[in-house]
Every structure is written in C-alpha cells, then in structure tokens.
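Per-entry structural report
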Amino acid sequence: MAKDYIQTDITSVQQSVEQANGLANAHYIDPAVFAEESEAVLKATWAGLAVGADVPNPGDAKPIQFLGMPLLLIRDKDGDLRVFENICRHRGMQLVHEAKTIEGAIRCPYHSWCYSTKGKLVSTPHVGGAGHNTHPSIVKDDLGLNEVRSYVWRDVVFINISGDAPDFTEVHADLIARWSEFDCSLYHGGADSRFELELTANYKLAVENYCESYHLPWVHPGLNSYSRLEDHYNIVEYGKFSGQGTLVYRQFKAEDGSAAFPDFPNLSEKWNEG
Ligand code: FES
C-alpha cells in the first residue's frame, strides 16, 4: 500500500462507531506520519503541556521538551504562568536545564545575558566590549525570549505552537461548558498523589486505552472489583472531545482505606453518582 494513501485516507476511520475501522498501523509506528501529525494536530491546535502545580510559586521554572523543542514553563514574579522557548536570543544556548526557582533573573550560562521572568531581556554584560554593557545593535526590547502562546484551564497549561489557532475558549467551548460546575483544578497534585508515566509507545495508544473500560476485568481485576466495567460510561462529542466517566467516583480508596478523592463543592444533582 502506498505511504501517501496510509497517511491521508482516514475515511474508514471517520465512519460511525458501528462501521469504523481503527487507524492504520502507520499512524502508530511511522516517523513520517508522526511528523505530519505533530504539525497538524499537536502544533496547529492546543496541546496539553503541564500543570500549574509544576511551578507553584513565583519564579519557579521547569524545562520541558515538547516534540523535540526545548520549552520553559515559568511562573513569573506576578504569579502568571508563561511558556517560553528555553533558548537564549544571543547564540541559542539552552537557558534552564533543571527545575529550579529563579532568583532575580534567568541568566544564560554562556555569556550571562539575563531575562526577567516575563521574558524581557534586561542585561547584556560586556556586549559592547569589556566594561560596556550595551551596544547600538543590541536592542533589548527586540530580543526578549520567544513566548509560546498558552492558556491555562483548570490548572492545565495548554500551548499552541503555531500561534494561530482559534482561541482556546472558542475551540473548546463545549468542553468548558460541560465542566463548568467544576470550578477547581483538574489536577489534585501534591507530592503524595503525584505520579508520572513514561510511555514507550505512540501517545494515541494511551489515550485510546484510557477511553475504554472494556479491558478492566482482565488487565485490572483488582480495580474492576469496585470500579467495574459496567460502572463506566463513554463521553463522546464527535469531532470535539471524548473520554470516559465513572458512576462510582466515591468508591476509589487510598491505600489506607480512606477516600482517595474529595467531593467537588457546589455540584448540581446531575453529577451525583448514579
Ligand atoms: S548564548 Fe546566551 S548569552 Fe550568549
């Protein structure tokens, strides 16, 4: 089968769920398809990058690789979340190599150009020669860090690499409306409840797996004893979003037997467990 066909024809995938096929194998293993998909899906629209809880205090900064791009998540001195290219505007040195709290300014380790937590270039030592910290060709206002368009929803930091996607609130208006009563972070966070999964697979496999409970009886028999296959329901808005809900939220227990998740405040009756 010609590669062009594999990459572009997803007609059979876009049928009703009763008729549709899954994506062709190439969408999970072919680097060329991944590159194409990265541009069309992950860079041209809004992609989740991190959570605000990663940088809880002003000055906190965390370097993150996203599709091979070095990015810097930072909470600026006024408490606002920002995402920058983690690249110095002088010679392209990576600015921050590990999560840290920025004291004062972001200092490039190469020639010590310094940037504020809002990305503004504030100092360029010796750039005009020894002892001369300015140069007519170096216009600081033009050389701030490149900022990546971002939007924080429910403490999840979304980014739009291309910079020209419609506003997040426009693209995801239905999603935002669906969750409008949950007026708090989606991420419960905290050192005790945090875990990270490193996945050696195409990201779609994780998403697809999460959106179905069919595998629970066999893969997670323990979980299935109190959060059964039949306790789940599908959330599907074709072309907009999909996911999975549970009817037994309160059944989830921490290891000490206490309730694992708190109730969300002020929810209407429709969100009560069925
Ligand atoms: S590369 Fe950053 S100051 Fe030179």
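Per chain, residue numbering runs from 1 following the sequence as it is written. Whole-chain, interface and lining totals are the exception, using all residues; otherwise, since this is a predicted model, local features are given only for residues with pLDDT of at least 70 and side-chain atom pairs are given and counted only at 80 or more. Here the side-chain values reflect all heavy atoms present in the structure, with hydrogen atoms and water set aside.

Taken residue by residue, a regular strand's side chains alternate between the two faces of the sheet. Here the rule is simple: two strands pair whenever DSSP picks up at least two bridges between them. What counts as a helix is a DSSP run of H or I of at least four residues, what counts as a strand is a run of E of at least two, and both are numbered from the N terminus. By the bridge criterion, six bridges tie strand E11 (residues 232–237) to strand E12 (residues 241–246) in an arrangement that is antiparallel. Its bridge partner lying in E12, Tyr 233 is registered against Gly 245.

Right, let's talk about unusual backbone geometry for a bit. In this structure, His 126 takes a positive phi of about 60° despite not being glycine. Take His 126: its relative accessible area is 53%, and that puts it in the exposed class. Positive phi, normally seen in glycine, also occurs at Asp 155, with a value near 75°. Note on placement: Asp 155 falls in the loop between strand E9 (147–153) and strand E10 (156–160). Throughout this description, buried means an accessible area under 20% of the type-specific maximum (1.4 Å probe, protein chains only), exposed means over 50%, and partly exposed covers the range between.

As far as domains go, the protein holds domain 1 (3–43), domain 2 (50–151) and domain 3 (180–271). Residues are treated as being in contact if the distance between any of their heavy atoms lies within 4.5 Å. At the interface, eight residues of domain 1 touch six residues of domain 3. Summing both sides of the interface, domain 1 and domain 3 together bury roughly 570 Å²; the carbon and sulfur share of this comes to 55%. Salt bridge criterion: a side-chain nitrogen from Lys or Arg within 4 Å of a carboxyl oxygen from Asp or Glu. Linking domain 1 with domain 3 are one salt bridge, by the criterion used here. Where each domain starts and ends follows an automatic or database-derived domain assignment. The buried area of a pairing is the accessible area, by a 1.4 Å probe, that goes missing from both parts when the two are put together, added over both.

So, on to the nonpolar core. The biggest cluster of nonpolar side chains holds 15 residues, and the ones touching the most others in it are Leu 95, Ile 106 and Tyr 115. Look past the residues within four positions of Leu 95 in its chain and what remains in contact with it is Asn 86, Ile 87, Cys 88, Ile 106, Arg 107, Cys 108, Pro 109, Tyr 115 and Leu 145. Buried Ala, Val, Leu, Ile, Met, Phe, Trp, Tyr and Cys residues form a nonpolar core when they are joined through side-chain atoms within 4.5 Å.

Moving on, we get to the pattern of salt bridges. Across all of its chains, the model carries 12 salt bridges by this definition. Among the ionic pairs, Lys 43 bridges to Glu 39, the shortest N-O distance being 3.0 Å. Taken as a pair, Lys 43 and Glu 39 lie in helix H3 (residues 31–43) at a separation of four residues, close to a single helical turn. Between Lys 118 and Asp 78 there is a salt bridge, with its nearest N and O atoms 2.6 Å apart. With Lys 118 in the loop between strand E7 (114–115) and strand E8 (121–123) and Asp 78 in the loop between strand E3 (69–75) and strand E4 (81–85), the pair connects residues that are 40 residues apart, well separated along the chain.

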